[in-house]
Amino acid sequence: MPELPEVETVVRDLRPAVSQQRVTGIWVGPHSLRRIWQPEWSEQVAGDTILGLTRRGKWMRMPMQRGGELLWHLGMTGQMTVHAISDPLADHLHLRMQWESGHELRFRDIRRFGSVDWFASSAQLDAFLAERLGPEPFDLTDSQLAAALQRTTRPIKAALLDQLIVAGVGNIYADEALFRAHLPPQKPANQLTADEITQLRLAIVHVIEHAIDGRGSTIRNYVGGSGLEGSYQDEHQVYGRTDQPCRNCATAIHCVRIAGRSSHYCPQCQPESLAVQAATAPAKRKRRG
DNA sequence: CCGACGTCCTGCTAGC
DNA sequence: TGCTAGCAGGACGTCG
């Protein structure tokens, strides 16, 4: 499940390979992605040259020389890799962008939660992202985070998944950051103290930075732009470690559902207040109907 | 307005 | 051994 560190790894891997490539054609697969590729976009992109590849949150933007931009999202299982046009095709391919060089960019996505979008101008894309994304973790300030958390009574875990509060954090790094900050995921966002907010912000930056250093976490299908898997999953303290001993205190890691997502935490290292405990303890596991 | 929950999608796997 | 229900979750729509 690509989050900021995985997307950053893909961008760093791909940027040298895609930059200055001149597009000769687009091939679109029979199954639509989250957004349907419009045939006229192919005409817009053909003959244009890629200027680069940058990341914002979990999105990747690919500016073109004529002023348009492509916007990519890997969803859950998206993969972007560069191949010779003649290379054998994998299954679940949804888009191939062919270049004058004889190479092409391939977008593969098993679960089709990903998307590729065309924007006629950078200003339109700026506006699209501005209404969906808050600050990058590295740019986030204590006062920004405090103001955003003050506005909501949602569990802090749910707030961290909100891309308008901080861009790029997903389920894995939200759990890891909360562990590092010694905060239980159930704690209402507006009940964090100023010190807890600082610790949480530092924890987010720490886990994101170290995950980027490890080329992200490979849980199921994730690979970087070079096709290499990540290694940060070996550093996970709580995510995916239900019933396993906490690496700090050996207490069994708990798993609860918050905001519809599995949330892993150590009940010893991330103690809940008595009030929160009483409110959430009975709801250990919820089935969906 | 806010927050909780459902939806999409496919591969894997726990459990019978 | 074979079948299937359930689970994984990012973004977004809907409902109370």
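Bear in mind that the values here come from a model prediction, so they are computed numbers and not experimental data. Every chain begins its residue count from 1, and numbering advances along the sequence as written. Starting at A for chains and at 1 for ligands, labels are handed out in the order in which the entities are written. Under the rules for a predicted model, residues below a pLDDT of 70 receive no local features and side-chain atom pairs below 80 are neither given nor counted, while totals for whole chains, interfaces and linings still include all residues. The side-chain quantities take in all heavy atoms of the structure and omit both hydrogens and water.

Draft legend 1. Expanded view of the domain arrangement of chain A. According to the domain assignment, chain A consists of domain 1 (4-131) and domain 2 (142-265). Using only C-alpha atoms to locate each centre, domain 1 and domain 2 end up separated by 28 Å. Each partner contributes to the interface: domain 1 provides 20 residues, whereas domain 2 provides 21 residues. Joining two parts hides part of their accessible area as seen by a 1.4 Å probe, and the buried area is that hidden amount summed over both. For the pair domain 1 and domain 2, the two sides together bury roughly 1600 Å², of which 61% comes from carbon and sulfur. Only one rule defines a salt bridge in this text: a Lys or Arg side-chain nitrogen within 4 Å of an Asp or Glu carboxyl oxygen. The interface formed by domain 1 and domain 2 holds one salt bridge in total. In the analysis that follows, any N or O atom pair within 3.5 Å is treated as a polar contact, provided that within protein one partner can donate a hydrogen and the other can accept it, and provided that, for residues neighboring in sequence, both atoms belong to side chains. For the pair domain 1 and domain 2, the interface holds five residue pairs in polar contact (both at pLDDT 80 or more). Where helices and strands are cited, they refer to DSSP runs of H or I of at least four residues and of E of at least two residues respectively, numbered from the N terminus. Those elements that place two or more of their residues in the side of domain 1 that touches domain 2 are helix 1 (4-18) and strand 5 (78-84). Gly is put with the polar residues, along with every residue not named as nonpolar or charged; the nonpolar set is Ala, Val, Leu, Ile, Met, Phe, Trp, Tyr, Cys and Pro, and the charged set is Asp, Glu, Lys and Arg. Classifying every residue of the side of domain 1 that touches domain 2 by side-chain character gives seven nonpolar, five polar and eight charged. Residue ranges labeled as domains rest on an automatic or database domain assignment. Contacts are residue-level and defined by heavy atoms, with any inter-residue pair within 4.5 Å sufficient.

Draft legend 2. Local environment of the environment of L71. With respect to the helices and strands, L71 occurs in strand 4 (residues 69-73). Each C-alpha atom, one on L71 and one on E229, is 23 Å from the other, the two residues being 158 residues apart in sequence. Beyond its immediate sequence surroundings of up to four residues, L71 is in contact with W59, M60, R61, S115, V116, D117, F119, L125, F128 and L129.

Draft legend 3. Molecular detail of the protein's contact with DNA strand C. Proximity criterion: a residue is near a molecule or strand once any of its heavy atoms comes within 4 Å of it. The environment of DNA strand C is formed by 19 residues, the closest being H73, F113, N171, R257 and R261. Each atom of DNA strand C within 4 Å of the protein was classed as base or backbone; sugar and phosphate made up 58%. Contact between DNA strand C and R132: a phosphate oxygen at 3.1 Å from a side-chain N or O atom of the residue.

Draft legend 4. Spotlight on the UniProt feature "domain: Formamidopyrimidine-DNA glycosylase catalytic" (unreviewed entry) in chain A. UniProt positions are given in the numbering used here, feature names are shortened, and annotations may be inferred rather than shown by experiment. Within this numbering scheme, the UniProt entry marks residues 2-114 as carrying the feature "domain: Formamidopyrimidine-DNA glycosylase catalytic" (unreviewed entry). Overall, residues 2-114 shows 19% helix and 35% strand. The separation of its end C-alpha atoms is 10 Å.

Draft legend 5. Region of interest: the pairing of strand 9 (residues 254-258). The rule for pairing is simple: two strands pair if DSSP sees at least two bridges between them. When strand 9 meets strand 10 (residues 261-265), the two strands line up antiparallel, connected through five bridges. Each residue of the ladder has a partner; that of V256, found in strand 10, is S263. In this structure, the hairpin formed by strand 9 and strand 10 is closed by a connection of two residues, where A259 is found at a positive phi of approximately 55°.

Draft legend 6. Representation of helix 1 in the model. With 15 residues, helix 1 should cover 21 Å at 1.5 Å per step; its first-to-last C-alpha distance of 20 Å lies within 8% of that length. Consider a residue and the seven residues that end there alongside the seven that start there; fitting an axis to each set, the bend is the angle between those axes. The largest bend in helix 1 is about 25°, located at R12, with the proline P16 one to four residues further on. We call a residue buried when its accessible area falls under 20% of the maximum for its residue type, exposed when it is over 50%, and partly exposed in between, using a 1.4 Å probe and counting protein chains only. Of the positions making up helix 1, those classed as buried are L4, P5, E6, V7, E8, T9, V10, V11, L14 and V18. One or two positions beyond helix 1, positive phi appears at Q20, with a value near 70°. Here, expected helix span is obtained from the residue count minus one, scaled by 1.5 Å.

Draft legend 7. Geometry of the packing of aromatic side chains. Two aromatic rings, drawn from Phe, Tyr or Trp (for Trp, its six-membered ring), form a pair once their centres lie within 6.5 Å of each other, and the interplanar angle then sorts them: stacked below 30 degrees, edge-to-face above 60, tilted otherwise. Tallying each qualifying case throughout the model produces five aromatic pairs. Through a chain of ring-to-ring contacts, three or more aromatic side chains come together here, namely W59, F119 and F128. The criterion for a charge sitting over a ring is simple: Lys NZ or Arg CZ within 6 Å of the ring centre, and within 35 degrees of the ring normal. Stacked on the ring of W27, the Lys or Arg R96 has its end atom at 5.5 Å from the ring centre. The residue whose ring lies beneath R132 is F128, and the NZ or CZ to ring-centre distance is 3.6 Å.

Draft legend 8. Inspection of unusual backbone geometry at higher detail. Of note in the backbone geometry, R215 takes a positive phi value of approximately 60° without being a glycine. Mapping R215 onto the fold places it in the loop between helix 7 (194-213) and strand 9. Since its relative accessible area comes to 23%, R215 is described here as partly exposed. The backbone of A259 shows a phi angle near 55°, a positive value even though the residue is not glycine. With respect to the element layout, A259 can be found in the loop between strand 9 and strand 10.

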